[in-house]
Amino acid sequence: MNADELLRDLTEPQLEAVTHAEGPLLLLAGAGSGKTRAITRRAAYLAATVTRPWNVLAITFTNKSANEMKERIVALGAGEDMTVCTFHSLCARSLRIHHESAGLPPNFTIVDQADRRQLIKKALERVQLAAENWRAAAETRISRAKNAMQSPAEMAEAAGYDDKTVARIYAAYEDILAENAGLDFDDLLFKLARLLQESEEVRCKLADRFRYILIDEYQDTNAAQYRIAHLIARDHQNIMVTGDPDQSIYSWRGADIGNILSFEHDYPNTKTVRLEQNYRSTKSILSAASALIDANVGRKKKTLWTENAEGMPVRVLTCDTGSLEAERVVTEIASLIAQGRRPSEFAIFYRTNAMSRALEEAFFVSGVCYRIARGTAFYARKEIKDILAYLRIMVNSADTVALERAINTPPRGIGKTTINKLKQFAEQQGCPLYAAVMRFGECGLSKRAENCIKSFAELLQTLQALADGSARDAIEQAVSRSGLMAQFTEQKDVNPEPLANANELVSAAEEFGRANPEATLLDWLTFASLLGDEDLSRGQSEAVSLMTLHAAKGLEFPCVYIVGLEEGLLPMVRGATDIDQEEEERRLFFVGMTRAMERLTVSHAVWRMVRGATLRATRSVFLDELPGDEVEWVDRSRNGADRNRREPQACVRDDLHLWAVGTLVRHPEYGIGQVMSMGRRAGRTHVNVRFEDGREQPWLLEFASDLERVDFDEIG
DNA sequence: GTCAGCCAAATTTTT
DNA sequence: TTTGGCTGAC
């Protein structure tokens with residue numbers, strides 16, 4: 001596409017943003033205002049006019065949005081050479097290249113959240129504190145410190161006992177990370193920010209390479225990310241940021257809404273463009289959402305408007321209990337589907353994951369397909385981590401977390417006693433655990449244990465010889481030689497997932513190798529450690545989406561339900577001391593509301609079960625902030641009008657004894673599946689079946705006549 | 001090495 | 001209520 005074509009079909013403000021050439025640009029983009037369109041067009045336009053693609057850097061927060069953005073930019077004809085990536089992967093790559101200046105080993109491994117927890121536990125042991133009392137505090141505060149670019153020493157200068165204690169844990173944790181040659185997610189940002197600050201040479205290199213930078217979702221940046229952006233853009237000032245302060249919902253993770261609010265101040269010649277026309281929602285939805293967000297006081301004024309239809313009013317539903325609320329919502333969705341809507345047009349949002357339970361139960365009864373957008377990432381699965389552990393040892397033998405995981409996975413007779421002896425030896429010698437494994441003869445082990453360790457040591461050596469080859473081969477070898485493959489294959493009838501996931505990992509590596517022929521195993525590991533699972537989601541089946549409000553950001557659905565509008569839930573915190581937090585909760589609700597295109601329903605229950613106890617709930621203040629004339633209140637509580645609620649029918653058929661979790665079934669249309677869970681509710685039995693394509697489908701057993709039980713042998 | 005049983009903890013979680 | 005982690009018995 002040539003430059004003129006890139007400017008086609010743009011609104012006036014979009015055009016302004018796209019064609020702005022030099023200097024800082026702030027794009028304040030309201031929900032649903034075509035922000036991505038503006039940013040991708042601009043990236044392509046820059047590459048076509050004032051600069052070359054490889055001099056442009058576009059940064060996002062998630063892999064998903066990076067991939068989407070890249071795809072769209074490539075489709076606009078701007079070439080593959082533009083760097084479109086997440087903050088974290090930019091950091092990982094840059095630190096890999098400039099590891100020497102950063103004082104890092106070249107083969108550092110990236111430590112994920114679960115590993116991080118283990119390491120913090122070790123740090124607690126090392127400073128001899130009762131783990132239970134400090135674990136949670138240490139986890140959040142160390143992360144916060146790193147995000148704010150604070151070292152352990154700086155933290156120790158703080159006054160309180162708590163700070164000093166956490167600083168000790170932090171220091172121990174840093175030591176352990178260094179011993180493992182590991183960097184956690186926060187380190188990636190922190191270390192690059194510090195490197196850019198301290199090394200003029202590296203800073204100039206990056207600034208020269210990336211002459212134009214674009215940052216999406218700028219309201220979610222933390223102090224380290226702010227520094228990185230600033231240090232790259234300081235000289236050329238070609239920095240464009242987009243975002244919406246009203247959608248800042250991650251302050252609890254260190255995001256600083258102040259970054260976007262003070263952008264014009266930080267970059268004095270900023271041109272500010274506002275995208276205020278909304279293309280997503282009806283007038284009713286938009287004005288309800290606008291009225292709500294207006295209640296935030298320290299807010300940068302912004303007025304969203306739309307040319308869309310008025311639409312139906314936003315509805316507020318009152319129910320007696322959480323489960324009745326769920327039942328109502330699901331019943332309504334079922335009837336709309338019966339009238340011709342597709343399941344994928346619906347989404348239900350809630351504040352906490354625990355709230356999905358009631359909804360799931362209601363879905364069981366209704367038989368409507370649903371899908372929960374959960375956080376269990378592909379790369380966080382046990383079998384995947386087991387494999388990655390071997391690969392990590394291959395590139396970084398100091399990676400003790402990986403070693404401890406791999407040493408007896410699959411079981412090879414190396415028990416706690418043996419491991420402790422090895423650890424003891426390592427400690428005495430001041431060497432990494434890996435060295436102890438290699439010097440198994442000196443650790444005072446029993447003959448039996450020594451043999452086990454010996455073959456493990458040999459395995460590691462064999463694998464390490466492959467470390468310089470392709471990632472694909474490394475994985476294949478690691479999986480088969482470690483015995484993991486045998487384990488997965490053996491259990492495939494009981495649980496086919498590990499085998500499937502292992503194979504998927506191999507194909508992912510193969511694909512990566514094809515796209516990056518030069519890439520080493522280390523490159524692939526860097527890439528894989530930073531990946532979530534959204535890219536690998538299998539089988540886009542028709543289903544209603546269930547997710548937390550946080551997970552909803554960036555998505556849109558024709559029909560949206562937001563449940564649990566109660567004090568203590570949404571907003572979760574409240575009170576004069578916590579104005580900022582309350583405002584963030586309001587933004588969270590705002591984000592949820594603005595996902596809706598046509599129909600928006602919010603609900604609350606009079607009684608809510610919280611941790612086993614049923615408590616009287618107070619309706620959320622947010623509901624009272626919605627404009628009266630745009631909103632229809634529907635009271636379905638006992639004192640309300642709904643006396644004709646359909647009671648569940650009695651159980652027709654009870655085959656519970658014939659069915660069990662894990663039973664294989666065949667469906668004429670969906671193929672072979674497996675019973676994932678079963679339950680009884682209101683005297684009826686329901687089963688939840690997952691099929692080969694990843695689709696999950698609930699059935700009420702008496703209506704599940706299409707399901708046929710099959711035996712393992714039958715499908716080989 | 002595995003498993004039942006007990007206790008404690010329970011927002012959100014882009015990487 | 002549910003879940004995960006840890007402990008102690010086989």
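**Thoughts on the overall build of chain A**
A tally of regular secondary structure across chain A gives 30 helices and 23 strands. Sorting the 716 residues of chain A into buried and exposed places 52% on the buried side. In chain A, 74% of the contacts between residues at least 6 apart in sequence involve partners at least 24 apart. Of the roughly 31,600 Å² that chain A leaves accessible, carbon and sulfur atoms contribute 49%.

**Brief notes about the side chain of serine 33**
For serine 33, the position within the fold is in the loop between strand S1 (25–29) and helix H3 (35–48). The class for serine 33 is buried, based on a relative accessible area of 2%. A polar atom in the side chain of serine 33 sits 2.7 Å from the backbone oxygen of glycine 30. Look past the residues within four positions of serine 33 in its chain and what remains in contact with it is Gln14, Leu275, Gln277 and Tyr279.

**Examining the protein's contact with DNA strand B**
Taken together, 23 residues lie near DNA strand B, and Arg253, Arg351, Asn353, Thr548 and Met572 sit nearest. The share of sugar and phosphate among atoms of DNA strand B within 4 Å of the protein is 46%. Between a base nitrogen of DNA strand B and a side-chain N or O atom of arginine 253, the distance comes to 2.8 Å. In the surface near DNA strand B, the residues fall into seven nonpolar, eleven polar and five charged.

**A word on the confidence of the model for chain A**
The share of residues in chain A with pLDDT of 70 or more is 89%, and the mean pLDDT across the chain is 85. No element of chain A has a lower mean pLDDT than strand S20 (residues 671–681), which averages 63, and none a higher one than strand S15 (residues 557–562), which averages 97. Here residues 641–658 scores under 50 on pLDDT; set against residues more than four positions off or in separate chains, the count is 27 contacts.

**A few points about the environment of tryptophan 134**
Residue placement: tryptophan 134 occurs in helix H8 (residues 131–147). Taking the C-alpha atoms as reference points, tryptophan 134 and isoleucine 169, separated by 35 residues in sequence, lie 9.0 Å from one another.

**With respect to the environment of leucine 569**
With respect to the helices, strands and loops of the structure, leucine 569 is situated in the loop between S15 and helix H29 (579–593). For leucine 569, a relative accessible area of 13% translates into the label buried. Leave out the neighbours within four places in its chain, and leucine 569 touches Arg351, Met355, Gly564, Glu585 and Arg608.

**Some details on the protein's contact with DNA strand C**
Close to DNA strand C lie Lys121, Arg357, Arg611 and Gly612. Taking the atoms of DNA strand C that fall within 4 Å of the protein, sugar and phosphate contribute 64% of them. Within the side chain of lysine 121, one N or O atom sits 3.3 Å away from a phosphate oxygen of DNA strand C. One of the side-chain nitrogen or oxygen atoms of arginine 357 is found 2.9 Å away from a phosphate oxygen of DNA strand C. Of the residues contributing to the surface near DNA strand C, the split by class is no nonpolar, one polar and three charged.

**Quick look at helix H18 (residues 356–366)**
The set of residues buried in H18 consists of Ser356, Leu359, Glu360, Ala362, Phe363 and Phe364. Where H18 terminates, the next one or two residues include glycine 367, which has phi positive at roughly 80°.

**Here we look at the pairing of strand S16 (residues 596–610)**
Relative to S16, strand S11 (residues 314–321) runs parallel, the two sharing six bridges. Counterpart to threonine 318 in the pairing with S16 is histidine 604. With five bridges connecting them, S15 and S16 associate as parallel partners. If you follow isoleucine 562 over to S16, its bridge partner there is valine 602. Of the pairings in the sheet, the one linking S16 to strand S17 (residues 613–616) comprises four bridges and is antiparallel in character. From the neighbouring strand, methionine 609 faces S17, where its bridge partner is threonine 614. Between S16 and S17, which pair antiparallel one after the other, the connecting turn spans two residues, and arginine 611 there sits at a positive phi close to 50°.

**Concerning the pattern of salt bridges**
Inspection of the entire model under this criterion finds 49 salt bridges. When the shortest N-O distance is used, the salt bridge between lysine 35 and glutamate 217 registers 3.5 Å. Note that lysine 35 is positioned in helix H3 and glutamate 217 in the loop between strand S6 (212–215) and helix H13 (223–233), a separation of 182 residues in sequence. For glutamate 584, the salt bridge is made with arginine 587, and the minimal N-O distance between the two is 3.3 Å. Pair noted here: glutamate 584 and arginine 587 are both in helix H29, with a separation of three residues, about one helical turn. Assessed through its relative accessible area of 8%, glutamate 584 is described here as buried. Using a relative accessible area of 8% as the deciding quantity, one classes arginine 587 as buried. A single network of salt bridges, built from pairs that share partners, joins Asp244, Asp246, Asp294, Arg299, Lys301 and Lys302.

**Focus: unusual backbone geometry**
Of note, the bond from leucine 570 into proline 571 is cis; its omega dihedral lies within 30 degrees of zero at 10°. Note on placement: proline 571 falls in the loop between S15 and H29. At glutamine 237, a residue that is not glycine, the phi angle is positive and equals roughly 65°. Tracing the backbone shows glutamine 237 in the loop between H13 and strand S7 (239–243). Phi is positive for arginine 611, which is not a glycine, with a value near 50°. By the secondary structure assignment, arginine 611 is in the loop between S16 and S17.

**Quick look at the side chain of arginine 599**
Relative to the helices and strands, arginine 599 resides in strand S16. Polar side-chain contacts of arginine 599 include one of 3.1 Å to the side chain of glutamate 332. Look past the residues within four positions of arginine 599 in its chain and what remains in contact with it is Ile285, Met312, Arg315, Glu332, Leu336, Arg341, Pro558, Cys559, Val560 and Tyr561.

Each value, and the rule that gives it
- Residues numbered from 1 in each chain as written.
- Chains lettered and ligands numbered in written order.
- Predicted model: local features only at pLDDT ≥ 70, side-chain atom pairs only at ≥ 80, totals over all residues.
- Heavy atoms only, no water.
- Helix = DSSP H or I, 4+ residues; strand = E, 2+ residues; numbered from the N terminus.
- Buried < 20%, exposed > 50% of the residue type's maximum accessible area, 1.4 Å probe, protein only.
- Contact = heavy atoms within 4.5 Å.
- Areas by Shrake-Rupley, 256 points an atom, 1.4 Å probe, with all protein chains shown as cover.
- Polar contact = N/O pair within 3.5 Å; in protein donor to acceptor, adjacent residues only side chain to side chain.
- Near = heavy atom within 4 Å.
- Nonpolar A, V, L, I, M, F, W, Y, C, P; charged D, E, K, R; others polar.
- pLDDT = per-residue confidence, 0-100.
- Pairing = 2+ DSSP bridges.
- Salt bridge = Lys/Arg side-chain N within 4 Å of Asp/Glu carboxyl O.

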